[in-house]
Amino acid sequence: MNLSVKTLSSDEVNDFVTHLLHLTGHDPDLIRKEIRFIDWWFFSRDQDRNVLAAAFAADGEPAGYVGYARTELARGTTSVPAAILSSAMTNPQLRGQGVFSHLMKYLIEQAAQAGIDVLYGSPNRNSCRIFISRLGFTGLFHWHRYARPIRWDPLGARFGAPGQWIARTAGRISDMVIPLRVKGYGYTTSQELPVDFDAFMAKAVQPAACHLARSSDYGRWRFSRPDRQYQHVILRDQAGQLAGWAAVDRVQHGKRSRLHIGDYWIVGNETRTLRALVAAVREIATENGDDEIYAAGRTCSRTYDLRRLGFIRKRSQTPIVVISPTGRDLAQVLEWEFRDTDVDMF
């Protein structure tokens, strides 16, 4: 298929994305939300380093788009130039004609020119096959969804009253066996990051495995995402020191209301600190009337393993995929234990 590919400027996003999403049958409100996200994700920070690629058919019709946003992977004193793939969409009338592969090859070339060592993304089942078999990507790891119910009845609702009773009983047993208490700590909530956040993060990430590099400026930018309402849960010990932090956001998932833990860190390796932080989140969710607390990501270390706190874990159907546009040997990267790769996507 005869396609042309270019990098979109911020001025071109609205018309191109609107036209393409109309072809896919998207609701006008969802189109506006997608445009707000794209403007924020690609052009509100590091816009000279991020790339949103657009493909056009021979007649000028929009064929698809996908992009990457720059970041850094940090492991001890090692920092690796990286980028996250996101916002992929193709014209449904042109699917199966190589549009996505064409876009991705363009992005890989752009990333190589920019010196990006690691380009990664979280594909669905259809695109995962293309990434690995056609584009040379490698599976990095599977990420997981974690959920701890607050209201157990809905889990047994399809089995009627007996099912709801069994679910409630299971919930009571779970709470007795793995209790969550904010014991020895106090917590507050805020729309702003705490003033001692930088010092806290320096301590929190020091013993961590490979993770997405963060700064307070980066954090503030992430929490400015359009159409989201983030709340910071700030956990302090009895001496008033910041011991744990989480960013949460309420999400409606079908008929169930979730309090989504977008990111969380603690100082040290103490289970009781993580337990207290999660207990604080559960108290907030209970006050909200939410059905569950939810998180998504990779918890490779025991320190951050939510299963120890009664969370149910479900593995993703496809792995995070990775390629080195610069030709870097990925053997070392593949051996690293990733604390996260921003897979939660906030």
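Residues numbered from 1 in each chain as written. Predicted model: local features only at pLDDT ≥ 70, side-chain atom pairs only at ≥ 80, totals over all residues. Heavy atoms only, no water.

**Regarding helix H8 (residues 271-288)**
Here H8 contains 18 residues, and its C-alpha end-to-end distance of 26 Å stays within 8% of the 26 Å for a straight helix at 1.5 Å per residue. Within H8, the full set of buried residues consists of Thr273, Leu274, Ala276, Leu277, Val278, Ala279, Ala280, Val281, Ile284 and Ala285. Positive phi shows up at Gly289, right after H8, with a value of about 85 degrees. (Helix = DSSP H or I, 4+ residues; strand = E, 2+ residues; numbered from the N terminus. Expected span 1.5 Å × (residues − 1). Buried < 20%, exposed > 50% of the residue type's maximum accessible area, 1.4 Å probe, protein only.)

**A look at the layout of surface pockets**
Here the largest pocket is characterised by a volume of approximately 1600 Å³. The wall of the largest pocket is formed by 44 residues, among which Glu34, Ser86, Ser87, Ala88 and Ser122 lie closest to the centre. If you list the elements that add at least two residues to the lining of the largest pocket, you get helix H2 (28-43), strand S3 (62-75), strand S4 (78-90), helix H3 (99-113), helix H4 (125-133), strand S10 (242-253) and strand S11 (256-266). Per-element accounting of the lining of the largest pocket gives the leading share, 6 residues, to S4. Looking at the second largest pocket, it is lined by 14 residues, and the ones nearest its centre are Lys203, Gln241, Leu242, Ala243 and Val267. (1 Å grid on protein atoms, 1.4 Å probe; cavity = no way out; pocket = protein on both sides within 12 Å on 5 of 7 lines; lining within 4 Å. Points joined across faces, edges and corners; volume = space filled by probe spheres on them.)

**Some words on the pattern of salt bridges**
If you walk through the whole model with that rule in mind, you get 16 salt bridges. For Asp46, the salt bridge identified is with Arg45, shortest N-O distance 3.4 Å. Judged by its relative accessible area of 29%, Asp46 falls in the partly exposed class. Judged by relative accessible area, which is 26%, Arg45 ranks as partly exposed. The residue Asp175 makes a salt bridge to Arg148 at a minimum N-O spacing of 2.7 Å. Pair noted here: Asp175 is in helix H5 (residues 160-177) and Arg148 is in strand S6 (residues 138-149), with a separation of 27 residues, a long-range link. Residue classification places Asp175 among the partly exposed residues on the basis of a relative accessible area of 30%. On the basis of relative accessibility, which here comes to 0%, the residue Arg148 falls in the buried class. (Salt bridge = Lys/Arg side-chain N within 4 Å of Asp/Glu carboxyl O.)

**Notes on unusual backbone geometry**
Its identity as a non-glycine residue notwithstanding, Ser87 has a phi of 60 degrees, on the positive side. For Ser87, a relative accessible area of 13% puts it in the buried group. The backbone of Asp227 shows a phi angle near 65 degrees, a positive value even though the residue is not glycine. For Asp227, a relative accessible area of 47% translates into the label partly exposed.

**Considerations on the packing of helix H1 (residues 10-23) against H2**
Across the interface, H1 lies against H2 with an axial gap of 10 Å and an inter-helix angle of 145 degrees. Note on packing geometry: the crossing formed by H1 with H2 is right-handed. Note on element contacts: H2 touches H1 through Ile31, Glu34, Ile35, Ile38, Asp39 and Phe43, opposite Ser10, Val13, Asn14, Val17, Thr18, Leu21 and His22. Considering only residue class, the contact of H1 with H2 consists of 7 nonpolar, 4 polar and 2 charged. (Axes fitted to C-alpha atoms, helices over the stretch in contact; angles between N-to-C directions. Left-handed = near helix turned anticlockwise from the far one by under 90°. Contact = heavy atoms within 4.5 Å. Nonpolar A, V, L, I, M, F, W, Y, C, P; charged D, E, K, R; others polar.)

**Quick look at the packing of H3 against H4**
Two quantities define a packed helix pair, namely the angle between the helix axes and the distance between the axes. Look at H3 against H4: their axes get within 11 Å of each other, and the N-to-C directions meet at 50 degrees. The angle between H3 and H4 places the two elements in the oblique class. Crossing angle aside, the handedness with which H3 passes H4 is right-handed. Seen from H3, the contacting residues are Phe100, Ser101 and Met104; seen from H4, they are Ser127, Ile130 and Phe131. Grouping the constituent residues of the contact of H3 with H4 by class yields 4 nonpolar, 2 polar and no charged. (Parallel < 35°, antiparallel > 145°, perpendicular 65-115°, else oblique.)

**Some remarks on the environment of His144**
With respect to the secondary-structure elements, His144 resides in strand S6. Distance from His144 to Lys314, taken between C-alpha atoms, is 5.5 Å for residues 170 residues apart in sequence.

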